[in-house]
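Chain by chain, the residues run as shown.
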Amino acid sequence: MKTGKNFLLDISDSYEEFFEETCLIGIVTSNKSYKFCLQANKILDFDFRLNTEIEIILNKRNRNYYFPVYQSDVRYSSIKHYLYDNRNDGEVLLPEFKHIDFIWLIKGAPAISNQLQNMISVINSIQGIQLAIEIDHTILSNKENLIF
């Protein structure tokens, strides 16, 4: 059993492992999650579906808050897309980004900056989107909230 400082290092290492080869996009929109997923599926040719097995549950003030996660896998690739709802009943999954409605995590995508910028441009052109912007996961102080 790990204790003390070594345990904290092990947790930190697992966080870094989870975020290897990932990109994050923060999205501000008035659209509900189901509507945004439908738009992303149609316009960007994704297949986002609710994945109840990786739903994020945060316990705050003796209450559980559930944050749905939608998933879309890229065919013939190890790339997976996850769309986190950043808000639930007055609580926020990533408190450092209270103004963000959705967090889009792309996992298994090494160095796709040109493709990422193109995707962000398309997301910004979707009706009801106020802003889509890349987020650097290294600045997140609550990154453990995204790990399923």
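Presented here is an overview of the structure given in this document. (Residues numbered from 1 in each chain as written. Predicted model: local features only at pLDDT ≥ 70, side-chain atom pairs only at ≥ 80, totals over all residues. Heavy atoms only, no water.)

## Some remarks on the environment of F97
At step 1: Its location among the elements puts F97 in the loop between strand 8 (91-92) and strand 9 (102-107).
At step 2: F97 sits in the buried class, given a relative accessible area of 14%.
At step 3: Once you skip the residues sitting within four places of it in the chain, F97 turns out to touch N86, V92, I135, I139 and L140. (Helix = DSSP H or I, 4+ residues; strand = E, 2+ residues; numbered from the N terminus. Buried < 20%, exposed > 50% of the residue type's maximum accessible area, 1.4 Å probe, protein only. Contact = heavy atoms within 4.5 Å.)

## Thoughts on the side chain of N31
At step 1: The topology assignment puts N31 in the loop between strand 1 (22-29) and helix 2 (33-43).
At step 2: For N31, a relative accessible area of 11% translates into the label buried.
At step 3: If we skip the residues at most four places from it in the chain, N31 touches F36, Q39, F102, Q127, G128 and I129.

## Concerning the layout of surface pockets
At step 1: Within this model, the largest pocket holds a volume of roughly 220 Å³.
At step 2: Taken together, D45, F46, D47, S72, D73, V74 and R75 form the lining of the largest pocket.
At step 3: When grouped by side-chain class, the residues that make up the lining of the largest pocket number two nonpolar, one polar and four charged.
At step 4: Considered as a void within the structure, the second largest pocket measures approximately 160 Å³ in volume.
At step 5: Tallied by class, residues from the lining of the second largest pocket come to two nonpolar, four polar and four charged. (1 Å grid on protein atoms, 1.4 Å probe; cavity = no way out; pocket = protein on both sides within 12 Å on 5 of 7 lines; lining within 4 Å. Points joined across faces, edges and corners; volume = space filled by probe spheres on them. Nonpolar A, V, L, I, M, F, W, Y, C, P; charged D, E, K, R; others polar.)

## Comments concerning the pattern of salt bridges
At step 1: Tallied over the entire structure, the rule returns six salt bridges.
At step 2: Residue K80 pairs with D73 through a salt bridge whose shortest N-O separation is 3.4 Å.
At step 3: R87 serves as the salt-bridge partner of D101, at 2.8 Å between the closest nitrogen and oxygen. Placement of the pair is D101 in the loop between strand 8 and strand 9 and R87 in strand 7 (residues 87-88), with a sequence separation of 14 residues.
At step 4: By relative accessible area, D101 is classed as buried at 13%.
At step 5: Classification of R87 by relative accessible area gives partly exposed; the value is 37%.
At step 6: What emerges from the salt-bridge pattern is a single network uniting K60, R61 and E91. (Salt bridge = Lys/Arg side-chain N within 4 Å of Asp/Glu carboxyl O.)

## Thoughts on the pairing of strand 6 (residues 80-85)
At step 1: Extensive coverage of strand 6 is indicated by the burial of five of its six residues.
At step 2: In this sheet, strand 6 lies alongside strand 5 (residues 69-73) in antiparallel orientation, the contact comprising five bridges. Note that in strand 6 the partner of Y70 across the bridge is L83.
At step 3: Counted between consecutive antiparallel strands, the loop separating strand 5 from strand 6 contains six residues, among which Y76 sits at a positive phi close to 60°.
At step 4: Here six bridges tie strand 6 to strand 9, and the two strands are oriented antiparallel to one another. (Pairing = 2+ DSSP bridges.)

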